[in-house]
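# Fold and geometry: a report
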Protein chains: 2
Amino acid sequence: MSVFPKFLVCIAIFGILAGGAATLAQSADPLPSWNDGPAKQAIVNFVRATTDPANTQFVPPEERIATFDNDGTLWCEQPMPAQFYFALDRLKVLAPQHPEWNTEEPFASLLKGDLKTALAGGDQALLALLVATHAGTTTAEFEQSVKEWVATAKHPKTGKLYTEMVYQPMLELVAYLRANGFKTFIVSGGGIEFMRAWAEKVYGLPPEQVIGSSMKTEFEMRDGQPVLVRLPELNFNDDKGGKPVGINQHIGRRPVMAFGNSDGDREMLEYTQGGSGARFMLLVLHDDAVREYAYGPAKGLPDVRLGAFTQALYDQAKKNGWTVVSMKEDWKHIFAFDK
Amino acid sequence: MSVFPKFLVCIAIFGILAGGAATLAQSADPLPSWNDGPAKQAIVNFVRATTDPANTQFVPPEERIATFDNDGTLWCEQPMPAQFYFALDRLKVLAPQHPEWNTEEPFASLLKGDLKTALAGGDQALLALLVATHAGTTTAEFEQSVKEWVATAKHPKTGKLYTEMVYQPMLELVAYLRANGFKTFIVSGGGIEFMRAWAEKVYGLPPEQVIGSSMKTEFEMRDGQPVLVRLPELNFNDDKGGKPVGINQHIGRRPVMAFGNSDGDREMLEYTQGGSGARFMLLVLHDDAVREYAYGPAKGLPDVRLGAFTQALYDQAKKNGWTVVSMKEDWKHIFAFDK
């Protein structure tokens with residue numbers, strides 16, 4: 001007997017051991033950053049029921065669509081969403097080419113660092129900032145500017161990179177659903193091309209699984225090169241009633257699961273629940289002022305400018321059987337760095 | 001020795017044989033309906049080069065995006081695209097609710113079967129037909145009406161179902177690319193929801209891989225049910241320069257391969273070629289009046305109302321190194337039923 005068969009036996013034994021380890025890993029807790037409780041249990045029960053062909057709630061793989069809001073659902077959106085800080089930094093970069101911004105609002109106040117005065121202009125001020133900082137370049141140039149920004153920009157409170165401000169329990173949830181044959185999509189009011197620049201690296205979501213608000217673009221031959229130019233005009237507002245519209249436009253199927261955290265997600269959850277068969281809707285309530293932020297105004301939590309979770313939404317969630325996650329109670333860890 | 005080990009040996013042998021058969025099938029011609037020639041060779045060479053990690057032309061799996069026009073590229077578009085006949089049939093169904101159509105053009109002529117007078121109104125007449133027949137319902141109702149129509153509607157020349165009017169060589173090509181890790185998308189001037197209703201069954205393409213022109217939709221609670229209503233307004237025209245815009249919006253990556261057949265596909269092919277690394281562009285020339293239709297006007301072929309392949313496009317293809325498929329020369333079979 002040469003050493004060869006022995007080697008093969010070793011491979012066979014290693015294979016059995018490795019297989020055993022894999023089985024063990026699969027049966028281990030897929031949501032380790034979630035505390036045991038009704039929210040975690042509801043998720044696990046739903047996934048088990050919808051992936052079991054013998055269960056009446058079984059959902060065929062091609063219909064397993066799960067949609068996630070981004071700001072406040074997958075990552076931190078306070079004190080302002082990351083895209084706002086990106087726009088602000090870009091405004092400073094572009095300012096030397098725009099002397100008129102020194103007197104025009106909201107630009108003058110933004111450049112002086114007076115956010116309060118600037119934001120007093122409401123949604124119009126935010127839209128003006130967006131248009132001024134998100135248009136004029138090609139799509140490739142814009143992507144590059146976002147990539148450079150997220151590589152270094154830090155959250156004002158934690159000093160962490162924005163891409164570290166993602167919720168560890170939600171990363172585990174996305175991975176758990178994907179491992180169970182769900183196709184996971186972001187459906188966000190945020191900019192589609194802003195998110196796509198880093199979503200693949202951070203969430204493992206390819207660009208075609210990221211849906212968001214967008215600027216109009218136009219095909220152009222520029223110096224003999226075919227490019228898409230970003231125009232200073234909003235193309236689509238992927239928020240509130242726009243979310244089901246965006247889902248239908250991009251995915252073409254009604255989701256089976258939907259995840260959000262604010263009034264902007266209400267219609268997405270309603271639309272998801274409106275389909276036939278098993279459905280799962282979840283809202284994240286930010287009630288942890290110590291580890292993250294506490295805001296509502298549901299349940300008497302402080303009111304905020306963006307990302308409001310109203311009492312009416314809370315009442316609707318309770319009435320409709322939507323799961324409400326308490327970040328304080330349901331999440332063992334919030335960020336990978338608070339472990 | 002009981003029968004048990006023998007049974008196991010049989011399984012092992014069967015496994016080896018089955019494995020052998022699979023290897024044989026994989027090495028068999030993946031494009032049997034294509035004649036050997038430069039077009040087929042160019043496709044196979046490109047796929048081999050871009051999927052071989054040792055080749056300088058290698059393309060990572062996540063970047064293997066291939067986009068296909070639909071009408072005239074994947075299925076027959078003459079004498080008029082199927083969606084036109086769908087609209088015409090729907091006009092007749094809806095006519096009793098619209099007595100005004102008996103005098104209004106293009107409806108009056110269309111209802112009388114006088115297509116020539118109706119189409120003299122040009123694109124405006126077609127748009128009016130589209131809006132009148134594609135709006136007013138929910139997205140679910142519209143999908144149902146398309147499904148019912150394609151189940152029975154027949155092509156006016158061949159008498160075959162429209163879903164049988166798909167090009168067998170292109171079905172093989174889509175399957176071949178998919179087997180090699182390419183993600184295949186339809187990018188068509190046709191209606192996105194018209195195509196999605198049957199594309200999964202006919203092409204194996206899930207709705208999120210179908211991009212097309214669309215009507216505006218609006219989220220609404222109707223009788224307590226959350227629905228999307230189709231509005232009588234064009235949302236997006238996915239043709240010419242709109243194709244790269246639609247690709248960027250839905251896929252968020254520049255394709256590596258693009259397939260078309262008319263001037264409406266020019267910008268998609270230019271945009272595809274404009275990326276760095278290996279690229280493949282192909283146009284189907286309809287030069288087979290016997291087995292399908294012959295139209296150009298490139299190469300002196302007859303001119304047509306829709307789907308024109310101009311001489312300028314033909315010259316650009318030759319100059320830019322795009323592959324031009326002659327249906328007459330390059331395709332052994334055109335439809336599954338002409339085998």
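What comes next is a walk through the structure. (Residues numbered from 1 in each chain as written. Chains lettered and ligands numbered in written order. Predicted model: local features only at pLDDT ≥ 70, side-chain atom pairs only at ≥ 80, totals over all residues. Heavy atoms only, no water.)

Residue and element names in this part refer to chain B. Across the nine residues that make up helix α10 (residues 242-250), a large majority, nine, are buried. Buried residues of α10: G242, K243, P244, V245, G246, I247, N248, Q249 and H250, and no others. Backbone geometry just downstream of α10 places G252 in the positive-phi region, at approximately 75°. (Buried < 20%, exposed > 50% of the residue type's maximum accessible area, 1.4 Å probe, protein only. Helix = DSSP H or I, 4+ residues; strand = E, 2+ residues; numbered from the N terminus.)

Turning our attention to the interface of chain B and chain A. Between chain B and chain A, the contact holds 35 residues from the first and 34 residues from the second. Among the residues of chain B in contact with chain A, E208, F219 and Q249 of chain B are the three that bury the most area, contributing 23% of the side total. Of the charged contacts in the structure, one is a salt bridge between R253 of chain A and E200 of chain B, with a shortest N-O distance of 3.2 Å. Summed over the shared surface of chain B and chain A, the result is 18 residue pairs in polar contact (both at pLDDT 80 or more). Its residues placed into classes, the side of chain B that touches chain A shows 12 nonpolar, 12 polar and 11 charged. (Contact = heavy atoms within 4.5 Å. Buried area = accessible area lost by both parts, 1.4 Å probe. Salt bridge = Lys/Arg side-chain N within 4 Å of Asp/Glu carboxyl O. Polar contact = N/O pair within 3.5 Å; in protein donor to acceptor, adjacent residues only side chain to side chain. Nonpolar A, V, L, I, M, F, W, Y, C, P; charged D, E, K, R; others polar.)

A separate point is the relation of the copies chain B and chain A. It takes a turn of 180° to lay chain B on chain A, together with a shift of 0.0 Å along the axis; the resulting RMSD is 0.0 Å. In the structure described here, the two chain copies are related by an operation that fits a two-fold rotation axis. Relative to the rotation axis, the closest C-alpha in chain B is found at H250 of chain B, a distance of 3.2 Å. Looking at the interface residues of chain B, 97% of them are also at the interface in chain A, so both copies use one shared face. (Least-squares fit on C-alpha atoms with pLDDT ≥ 70 in both.)

The next subject is the side chain of T137 of chain B. All names here are of chain B. Tracing the chain through its elements places T137 in the loop between α6 (122-134) and α7 (139-152). Relative accessible area serves as the criterion here: at 13%, T137 is assigned to the buried category. Apart from residues no more than four positions distant in its own chain, T137 is found in contact with R90, F142, L228, V229 and R230.

So, on to the pattern of salt bridges. Residues and elements named next belong to chain A. Overall, the coordinates contain 24 salt bridges over all chains when judged by the stated rule. The closest approach of N and O atoms between D29 and K40, which form a salt bridge, is 2.6 Å. Placement of D29 in the loop between α1 (3-27) and α2 (38-50) and of K40 in helix α2 is noted, with a sequence separation of 11 residues between them. For D29, a relative accessible area of 40% puts it in the partly exposed group. Through salt bridges with shared partners, a single ionic network connects D29, D36 and K40.

A separate point is the packing of aromatic side chains. The final tally for this structure, using the stated rule, is 38 aromatic pairs over all chains. A ring pair is formed by F46 of chain B and F280 of chain B, whose centres lie 5.4 Å apart and whose planes are at 45°; its orientation type is tilted. Taken as a pair, F46 of chain B in helix α2 (residues 38-50) and F280 of chain B in strand β6 (residues 280-285) lie far apart in primary sequence, 234 residues in all. A relative accessible area of 6% means that F46 of chain B is categorised as buried. Relative to F259 of chain B, the ring of F68 of chain B has its centre 4.3 Å away and its plane inclined at 5°; by these criteria the two rings are stacked. A residue pair is termed long-range when its members are at least 10 positions apart, and F68 of chain B in strand β1 (residues 65-68) and F259 of chain B in strand β5 (residues 257-260) qualify at 191 residues. The exposure class assigned to F68 of chain B is buried, which follows from its relative accessible area of 1%. Given a relative accessible area of 0%, F259 of chain B falls into the buried group. Counting every residue linked through ring pairs, the aromatic cluster contains W75, F84, Y85, F86, F142, W149, Y162, F194, W198 and Y203 of chain A. A cation over a ring is seen here: K157 of chain A above Y293 of chain A, with NZ or CZ 4.1 Å from the ring centre. In this structure, K160 of chain B is placed above the aromatic ring of F337 of chain B, and the distance from its NZ or CZ to the ring centre is 4.8 Å. (Phe/Tyr/Trp six-rings, centres within 6.5 Å; stacked < 30°, edge-to-face > 60°. Lys NZ or Arg CZ within 6 Å of the ring centre and 35° of its normal.)

Residues and elements named next belong to chain B. The strand order across the open sheet formed by seven strands is β4-β3-β2-β1-β5-β6-β7, and the pairing between neighbours is mixed. Looking at the sheet topology across the chains shown, the edges are occupied by β4 (225-236) and β7 (323-326). On average, each strand axis in the sheet is tilted by 30° relative to the strand beside it, whichever way the strands run. Across three bridges, strand β2 (residues 183-191) lies against strand β3 (residues 210-222) in parallel orientation. Residue pairing for β3: I186 is matched across the bridge by V210. α6 rests against β3 and β4 of the sheet, and its axis sits at about 175° to β4. (Pairing = 2+ DSSP bridges. Axes fitted to C-alpha atoms, helices over the stretch in contact; angles between N-to-C directions.)

The next subject is α2 of chain B. Here α2 of chain B contains 13 residues, and its C-alpha end-to-end distance of 18 Å stays within 8% of the 18 Å for a straight helix at 1.5 Å per residue. Residues A39, K40, I43, V44, F46, V47, A49 and T50 of chain B constitute the buried set of α2 of chain B. (Expected span 1.5 Å × (residues − 1).)

So, about unusual backbone geometry. Of the consecutive residues Q78 of chain B and P79 of chain B, the connecting peptide bond is found in the cis state with omega at 0°. When you line up the elements, P79 of chain B lands in the loop between β1 and α3 (82-94). Following G296 of chain B, the chain continues into P297 of chain B via a peptide bond in cis, with omega recorded as 15°. In this structure, D223 of chain A takes a positive phi of about 50° despite not being glycine. Residue placement: D223 of chain A occurs in the loop between β3 (210-222) and β4 (225-236). Accessibility expressed as a relative area gives 77% for D223 of chain A, which makes it exposed.

Time to look at the sheet that holds strand β7 (residues 323-326) of chain A. Residues and elements named next belong to chain A. What the seven strands build is an open sheet, ordered β4-β3-β2-β1-β5-β6-β7; its pairing is mixed. Here the strands that pair on one side only, and so sit at the sheet edges, are β4 and β7. Pairs of neighbouring strands in the sheet enclose a mean axial angle of 30°, with direction left out of account.

With that out of the way, let us pick up the side chain of Q209 of chain B. In this fold, Q209 of chain B is placed in the loop between α9 (192-203) and β3. We classify Q209 of chain B as buried; its relative accessible area is 10%. Of the polar contacts made by the side chain of Q209 of chain B, one reaches the backbone oxygen of T184 of chain B; its length is 2.8 Å. In this view, Q209 of chain B contacts K183 of chain A together with K183, T184, F185 and I186 of chain B; residues no more than four positions away in its chain are not counted.

It is worth spelling out the packing of helix α7 (residues 139-152) of chain A against helix α9 (residues 192-203) of chain A at this point. All names here are of chain A. Orientation of α7 relative to α9, taken along the N-to-C sense of each, is 60°, at an axis distance of 9 Å. The orientation of α7 with respect to α9, classified from their angle, is oblique. Crossing handedness for the pair α7 and α9: right-handed. From α7, T139, F142, E143, V146, K147, W149 and V150 reach across to α9, where they touch E193, F194, A197 and W198. For the contact of α7 with α9, the class distribution of residues is seven nonpolar, one polar and three charged. (Parallel < 35°, antiparallel > 145°, perpendicular 65-115°, else oblique. Left-handed = near helix turned anticlockwise from the far one by under 90°.)

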